[in-house]
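Listed below are the residues making up each chain.
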Amino acid sequence: MSGSPQALFVSYSSVLGGAERILLDRASDLSGTAAVACPPGPLAEAARTAGITVVELKPRRAELRGSLRERGSAAWRLAALAAEVRAAVVGLRPDCVVGWSMRGLLSSAAALTTVRDRPPLVFAHNDFLPTRWVAAAVRLAAGRCHAVVALSTAIAADLGAPTEVIHPGVDLDRFAPSPLPGEPNVLLLGAVVGWKRPDLALETVALTRVELPTLRLLVAGAPLDAGGERLLEQLRRRASAPDLDRCVDIPGTAQDAPVALAGATCLLHCADREPFGMA
């Protein structure tokens, strides 16, 4: 990269979920150049494909909650990440640093404390606050940011700090209206993770097929981690039961969202609480 990037986006995550796709959209839409600091994985690969400079961070466990020992381990991991982020900031000299999601904020805030002529820090907040101690740390770090932006008013209200809400945009050329299909097809669109309750979707379809026996379900999403892989196997076992046999399609890979939506008569969303679902 020639010259300093307009922004350095810091992500603790290496996966390519909804929040990371929004990161790529925001980074690609900048008037200047952008860089992304993240562990190796799908996010880094997609960033390089988009022409964005990637600074690879060491992969680390994602959990920030649990027992006292696990929380201490999480603090150590964030401190180690902060040292890597500091080196990236000193080397690239970005115009600003964007802490992407909570762990990106915490590591970036720690990294910038010892940087001379440190750039402004922006917090891009994408999820609800978890445990009390994490919430306290996030609110403290957010109070020191130059700006805080959130995906939704629900996330902003949960944070309880001055926040600008910027909803993700929708590409109206990709997501054009289309006629409904003739057969009743239900779509569950999104990553295969437990909190999105894909198991509830299967049970809903099983009950509904009593009155609509031709009803079909497509689970159009991929697991993001080992837990998602285990959940995927559980869903496939449930789908093979007699009340759902041959009416549920679970490919286990990411689907083209506009194509999947065009083939559905109903979009099913089962999460108990959703910060801002891209689906």
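Residues numbered from 1 in each chain as written. Predicted model: local features only at pLDDT ≥ 70, side-chain atom pairs only at ≥ 80, totals over all residues. Heavy atoms only, no water.

Caption draft 1: Broad picture of the pairing of strand S2 (residues 34-38). For S2, a buried count of 5 out of 5 residues is recorded, marking the element as mostly surrounded by other parts of the structure. Of the two faces of S2, the one lined by Ala34, Val36 and Cys38 and the one lined by Ala35 and Ala37 are each fully buried. The pairing of strand S1 (residues 7-11) with S2 spans 4 bridges and is classified as parallel. Paired with Ala7 across the two strands is Ala34, which belongs to S2. Remark: the S1/helix H1 (residues 18-28)/S2 crossover connection has right-handed handedness. In this sheet, strand S3 (residues 53-56) lies alongside S2 in parallel orientation, the contact comprising 4 bridges. Following the sheet pairing, Ala37 is matched in S3 by Val55. As for the winding sense of the linkage, the β-α-β connection from S2 through helix H2 (residues 42-49) to S3 is right-handed. (Buried < 20%, exposed > 50% of the residue type's maximum accessible area, 1.4 Å probe, protein only. Helix = DSSP H or I, 4+ residues; strand = E, 2+ residues; numbered from the N terminus. Pairing = 2+ DSSP bridges. Right-handed = clockwise from strand over helix to strand, strands pointing away.)

Caption draft 2: A look at the side chain of Ser152. For Ser152, the location among the structural elements is in the loop between strand S6 (147-150) and helix H6 (153-159). Residue Ser152 is classed as buried on the basis of its relative accessible area of 5%. Only 3.2 Å separates the side chain of Ser152 from the backbone nitrogen of Ile155, close enough to count as a polar contact. Among the polar contacts listed, one links the side chain of Ser152 to the backbone oxygen of Pro275, at a separation of 2.8 Å. Other than its neighbours up to four places away in sequence, Ser152 contacts Val165, His167, Pro275 and Phe276. (Polar contact = N/O pair within 3.5 Å; in protein donor to acceptor, adjacent residues only side chain to side chain. Contact = heavy atoms within 4.5 Å.)

Caption draft 3: Quick look at the pattern of salt bridges. Counted under the stated rule, the structure contains 9 salt bridges. For Arg238, the salt bridge goes to Asp243, with nearest N and O atoms at 2.9 Å. Exposure remark for Arg238: the relative accessible area of 22% places this residue in the partly exposed category. By relative accessible area, which is 35% here, Asp243 ends up partly exposed. One salt-bridge network, in which partners are shared between bridges, spans Arg197, Asp199 and Asp272. (Salt bridge = Lys/Arg side-chain N within 4 Å of Asp/Glu carboxyl O.)

Caption draft 4: Broad picture of the packing of helix H4 (residues 101-112) against helix H5 (residues 132-142). It is the contact of H4 with H5, at a shortest axis distance of 10 Å, that shows an interaxial angle of 60°. It follows from the interaxial angle that H4 and H5 lie oblique. Considering the relative orientation of H4 and H5, their crossing is left-handed. Across from Met102, Leu105, Leu106 and Ala109 in H4, the residues of H5 making contact are Ala137, Val138, Ala141 and Ala142. Taken together, the residues of the contact of H4 with H5 sort by class into 8 nonpolar, no polar and no charged. (Axes fitted to C-alpha atoms, helices over the stretch in contact; angles between N-to-C directions. Parallel < 35°, antiparallel > 145°, perpendicular 65-115°, else oblique. Left-handed = near helix turned anticlockwise from the far one by under 90°. Nonpolar A, V, L, I, M, F, W, Y, C, P; charged D, E, K, R; others polar.)

Caption draft 5: Representation of the pairing of strand S8 (residues 185-189). Burial analysis of S8 places 5 of its 5 residues in the buried class, which makes it a mostly covered element. By the alternation rule, side chains of S8 split into Asn185, Leu187 and Leu189 and Val186 and Leu188, which are all buried. Here S8 pairs with strand S9 (residues 216-220) via 5 bridges, running parallel. Following the sheet pairing, Leu188 is matched in S9 by Val219. Running through helix H7 (residues 198-208), the crossover from S8 to the neighbouring parallel element S9 is right-handed. For S8 and strand S11 (residues 266-267), the ladder comprises 2 bridges, and the chain directions are parallel. Looking at S11, one finds that Leu187 is bridged to Leu267.

Caption draft 6: Highlighting unusual backbone geometry. Positioned with a positive phi, Asp117 is a non-glycine residue whose angle comes to about 50°. Secondary-structure assignment places Asp117 in the loop between H4 and strand S5 (121-125). Even without being a glycine, Arg246 presents a positive backbone phi close to 65°. Examined against the element boundaries, Arg246 turns out to sit in the loop between helix H8 (226-239) and strand S10 (248-249).

Caption draft 7: Layout of the packing of aromatic side chains. Applying the stated criterion to the full structure yields 1 aromatic pair. Sitting over the face of the ring of Phe128, Arg273 holds its NZ or CZ atom 3.7 Å from the ring centroid. (Phe/Tyr/Trp six-rings, centres within 6.5 Å; stacked < 30°, edge-to-face > 60°. Lys NZ or Arg CZ within 6 Å of the ring centre and 35° of its normal.)

Caption draft 8: Spotlight on the sheet that holds S6. The strand order across the open sheet built from 7 strands is S3-S2-S1-S4-S5-S6-S7, with neighbouring strands paired in parallel fashion. Both edges of this open sheet fall to S3 and strand S7 (164-165), since each of them pairs with a single strand only. Running over the sheet, H2 touches S1, S2 and S3 and is turned about 155° from S3.

Caption draft 9: Layout of a nonpolar patch on the surface. Taken together, the side chains of Val170, Leu172 and Phe175 define a hydrophobic patch exposed on the protein surface, amounting to about 310 Å² of accessible area. Looking at the secondary structure, you find Leu172 in the loop between S7 and S8. On the basis of relative accessibility, which here comes to 66%, the residue Leu172 falls in the exposed class. (Patch = residues over 30% accessible without salt bridge, like charges linked within 9 Å, V, L, I, M, F, W, Y side chains within 5 Å. Areas by Shrake-Rupley, 256 points an atom, 1.4 Å probe, with all protein chains shown as cover.)

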